[in-house]
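Each chain, letter by letter, is given below.
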Amino acid sequence: MSAPTNNESINFEELVDAHYNSLFRFAYSLSGKEADAWDLTQQTFNRWAEKGHSLRDKSKVKSWLFTTLYREFLKWSRQNRKVYSMEDLPGGAAEQHSVGSEVVNQADASALMQHLADIEETYRVPLSLFYLEDMTYKEIAEVLEIPSGTVMSRLSRGKDQLRRRLSSAHESPGEDKRPSSRNRRKQIVRRDEQR
Amino acid sequence: MNRDKAKAILQCCPPNAGSRSDPELREAFEVMAGDKELAAWFEREQEFDLAFSTRLKSVSAPPGLREDILSAAAATVTPVPWLGVLYAAAAMLVFALGLALFFARHDGSDSMIGAQFSPEFPFELISYFEREAEFDQLSGNLAEVRSNLKAQGGPETEALPASFEDMTRYRCRIYKRETQKVALICMQRDEQRMHLFVIEEKGSPARTARADDRPVPRFTQRDPWAFADWGRSGKTYVLATQGSTDDLRLILSSQ
């Protein structure tokens with residue numbers, strides 16, 4: 001589906017076909033879980049069905065959908081709060097990690113998605129748009145409604161976190177020093193059940 | 001452009017980007033052309049980014065999602081477009097009436113606001129809400145917005161509560177109305193939005209002195225809007241939000 005011009009009406013099914021895969025990947029990279037990504041993607045299209053008609057500039061559809069999904073994710077995130085600080089990350093000091101493309105090529109796609117999902121939310125969101133949608137920092141700034149300078153610094157720090165995580169996983173396969181988000185939630189549930 | 005700046009921009013160059021028409025990126029490429037070390041770094045960076053991007057994009061949406069989306073949307077009641085316009089118009093009318101009542105109520109001799117504003121003023125405020133997308137600046141930093149307002153010759157906003165700095169998004173606009181300069185700063189944190197009008201009256205020492213006399217905010221509830229207004233250093237401040245005066249009291253308590 002080509003980008004519609006300003007006043008062109010939009011066929012919903014064509015819209016879904018054009019964007020549901022990329023929105024799902026974006027949601028998956030943010031939430032780290034397929035089931036949550038499913039819900040977020042569906043909720044985004046529901047929002048479009050309810051409010052999409054109010055978008056005046058139809059050439060901004062893609063940006064609208066990604067912004068809406070991001071907002072839905074923020075709501076979801078508040079209910080499923082997952083915050084990691086830099087100290088939680090394996091690898092210690094913030095030295096430069098030179099992870100090459102060969103490490104990435106050897107890794108499973110869903111494992112890479114999980115590495116991305118485990119990065120701090122602030123950095124994860126622009127990084128996802130960068131890798132999944134090939135967005136420039138200016139386009140990311142438009143979707144997230146933040147200054148482009150902020151996007152640049154977040155991309156830089158996000159890439160650094162990502163490399164540290166990949167480097168650590170590559171050096172010690174199967175020995176991630178921090179529990180995955182899913183396992184951590186299980187631990188929390190178990191603790192709650194024991195109380 | 002220096003090397004560090006070029007490197008920062010190149011690092012943000014997407015792996016599949018056809019965006020080299022971007023003037024900043026073009027300039028960064030020019031810097032890189034004369035720097036072999038930077039060029040080698042960029043090649044490695046792009047190789048990594050391309051590999052990572054390609055692997056991530058191999059993930060597909062699970063079967064059934066598309067059908068679920070289509071069936072859920074079919075069950076969603078789509079509002080009639082003109083009904084939405086009607087709702088928006090009604091909401092604006094309510095807001096206009098609220099503001100008009102607010103200003104009418106405070107038009108006595110003890111009120112700076114009533115003395116300053118004509119009945120049309122609330123409608124001007126609304127027109128700026130309507131055109132929020134045309135605001136001068138979007139920022140995540142209040143200091144940046146204030147400095148931008150100052151640079152444009154807008155009313156200085158030196159006496160703002162510290163809690164205003166905890167907001168995450170700011171938009172601003174300056175406009176002039178007869179002898180008044182008005183700065184509008186819209187602030188947002190999560191779902192909460194606050195709109196601050198800073199009005200500077202020029203050439204009226206008596207009014208300026210009276211504005212100085214009202215440092216304690218006055219609160220008014222006109223559902224769905226709540227207002228607080230106060231005067232300081234020759235300026236009148238009006239803070240508005242869709243909520244209750246308690247929301248305003250909370251945010252102003254750090255003043």
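The rules we used
- Residues numbered from 1 in each chain as written.
- Chains lettered and ligands numbered in written order.
- Predicted model: local features only at pLDDT ≥ 70, side-chain atom pairs only at ≥ 80, totals over all residues.
- Heavy atoms only, no water.
- Helix = DSSP H or I, 4+ residues; strand = E, 2+ residues; numbered from the N terminus.
- Buried < 20%, exposed > 50% of the residue type's maximum accessible area, 1.4 Å probe, protein only.
- Areas by Shrake-Rupley, 256 points an atom, 1.4 Å probe, with all protein chains shown as cover.
- Axes fitted to C-alpha atoms, helices over the stretch in contact; angles between N-to-C directions.
- Left-handed = near helix turned anticlockwise from the far one by under 90°.
- Contact = heavy atoms within 4.5 Å.
- Salt bridge = Lys/Arg side-chain N within 4 Å of Asp/Glu carboxyl O.
- pLDDT = per-residue confidence, 0-100.
- Polar contact = N/O pair within 3.5 Å; in protein donor to acceptor, adjacent residues only side chain to side chain.
- Nonpolar A, V, L, I, M, F, W, Y, C, P; charged D, E, K, R; others polar.
- Phe/Tyr/Trp six-rings, centres within 6.5 Å; stacked < 30°, edge-to-face > 60°.
- Lys NZ or Arg CZ within 6 Å of the ring centre and 35° of its normal.
- Arc of directions from axis to C-beta.
- Expected span 1.5 Å × (residues − 1).
- Pairing = 2+ DSSP bridges.

A. The arrangement of the overall build of chain A in detail. Each helix and strand in chain A was counted, giving 9 helices and 0 strands. Mapped in sequence order, the helices and strands of chain A form the string α-α-α-α-α-α-α-α-α. By the burial criterion, 52% of the 195 residues in chain A qualify as buried. By element, 44% of the accessible surface of chain A is carried by carbon and sulfur atoms, the whole surface being about 9300 Å².

B. Representation of the packing of helix H1 (residues 12–31) of chain A against helix H6 (residues 121–133) of chain A within the structure. Residues and elements named next belong to chain A. Put simply, H1 and H6 touch, their axes get as near as 10 Å, and they point 145 degrees apart. Note on packing geometry: the crossing formed by H1 with H6 is right-handed. On H6, the residues that touch Ser22, Arg25, Phe26, Ser29 and Leu30 of H1 are Arg124, Val125, Ser128, Leu129, Leu132 and Glu133.

C. View of the pattern of salt bridges. Counting across every chain of the model gives 18 salt bridges over all chains. Put simply, Lys60 of chain A and Glu142 of chain A hold a salt bridge, and the shortest N to O gap is 3.0 Å. Of this pair, Lys60 of chain A sits in the loop between helix H2 (34–51) and helix H3 (61–79) while Glu142 of chain A sits in helix H7 (residues 137–144); the two residues are 82 residues apart in sequence, bridging distant segments of the chain. Among the residues examined, Lys60 of chain A registers a relative accessible area of 35% and is labelled partly exposed. If you follow the salt bridges from partner to partner, you end up with Glu13 and Asp17 of chain A together with Arg66 and Glu67 of chain B in one network.

D. Highlighting the confidence of the model for chain B. Residue and element names in this part refer to chain B. Per-residue confidence for chain B gives a mean pLDDT of 71; residues scoring 70 or more make up 62%. Note on residues 106–120: pLDDT is under 50 here. Beyond four places in sequence and across chains, it has 32 contacts. This stretch, residues 130–134, has a pLDDT under 50; its non-local contacts, to residues over four places away or in other chains, come to 6 contacts.

E. Region of the structure containing the interface of chain B and chain A. Taken together, the contact pairs 46 residues of chain B with 50 residues of chain A. On inspection of chain B and its partner chain A, the count reaches 7 salt bridges. Across the pair Arg66 of chain B and Asp17 of chain A runs a salt bridge whose closest N-O atoms are separated by 2.4 Å. One can count 16 residue pairs in polar contact (both at pLDDT 80 or more) joining chain B with chain A. Of all the secondary structure elements, the ones that give two or more residues to the side of chain B that touches chain A are helix H1 (3–11), helix H3 (36–57), helix H4 (65–75), strand S1 (137–139) and strand S2 (169–177) of chain B. With 10 residues, H3 of chain B is the largest single contributor of residues to the side of chain B that touches chain A. Residue composition of the side of chain B that touches chain A, by class: 22 nonpolar, 11 polar and 13 charged.

F. Fine view of the side chain of Glu72 of chain A. Residue and element names in this part refer to chain A. Structurally, Glu72 can be placed in helix H3. In terms of polar contacts, Glu72 uses its side chain to reach the side chain of Arg47, at 2.8 Å. With near-sequence residues (within four places) excluded, Glu72 lies in contact with Leu40, Gln43, Thr44 and Arg47.

G. Just the packing of aromatic side chains, in detail. Considering all chains together, one arrives at 9 aromatic pairs over all chains under this definition. Between the aromatic rings of Phe12 of chain A and Phe45 of chain A, the centroid separation amounts to 6.2 Å while the plane-to-plane angle is 90 degrees, which identifies the pairing as edge-to-face. Separated by 33 residues along the polypeptide, Phe12 of chain A in helix H1 and Phe45 of chain A in helix H2 bring together distant segments of the chain. With a centroid separation of 6.0 Å and 15 degrees between ring planes, the pair formed by Phe48 of chain B and Phe52 of chain B is classed as stacked. With Phe48 of chain B and Phe52 of chain B both in helix H3, this residue pair falls 4 residues apart, about one helical turn. Here the two residues Phe48 of chain B and Phe52 of chain B agree in accessibility, since each one is buried. In textbook terms, an aromatic cluster arises when at least three aromatic residues are bridged by ring pairs, as seen for Phe130 and Tyr131 of chain A together with Phe48 and Phe52 of chain B. Over the face of the ring belonging to Phe48 of chain B we find Arg163 of chain A, whose NZ or CZ atom lies 4.3 Å from the ring centre.

H. Representation of helix H8 (residues 142–151) of chain B. All names here are of chain B. Every buried residue of H8 is listed here: Leu142, Val145 and Leu149. All buried residues of H8 project into a common sector of 60 degrees when viewed along the axis, lining one side. In H8, the exposed positions that point more than 90 degrees away from the buried face belong to Ala143, Lys150 and Ala151. Of the residues trailing H8, Gly153 is marked for its positive phi of about 80 degrees.

I. The arrangement of H2 of chain A in detail. End to end, H2 of chain A covers 26 Å across 18 residues, agreeing with the expected 26 Å (1.5 Å per residue, within 8%). All buried positions along H2 of chain A are accounted for by Asp36, Ala37, Leu40, Thr41, Gln42, Thr44, Phe45, Asn46, Arg47, Trp48 and Ala49 of chain A.

J. Broad picture of the confidence of the model for chain A. Here chain A shows a mean pLDDT of 75. Residues at 70 or above account for 72%. For the stretch residues 175–195 of chain A, pLDDT sits under 50, and the model shows 21 contacts to residues farther than four places along the chain or on other chains.

K. Molecular detail of the pairing of strand S7 (residues 235–242) of chain B. Extensive coverage of S7 of chain B is indicated by the burial of 7 of its 8 residues. Hairpin connection of strand S6 (residues 225–232) of chain B to S7 of chain B: 2 residues between the antiparallel strands, including Ser233 of chain B at a positive phi of 50 degrees.

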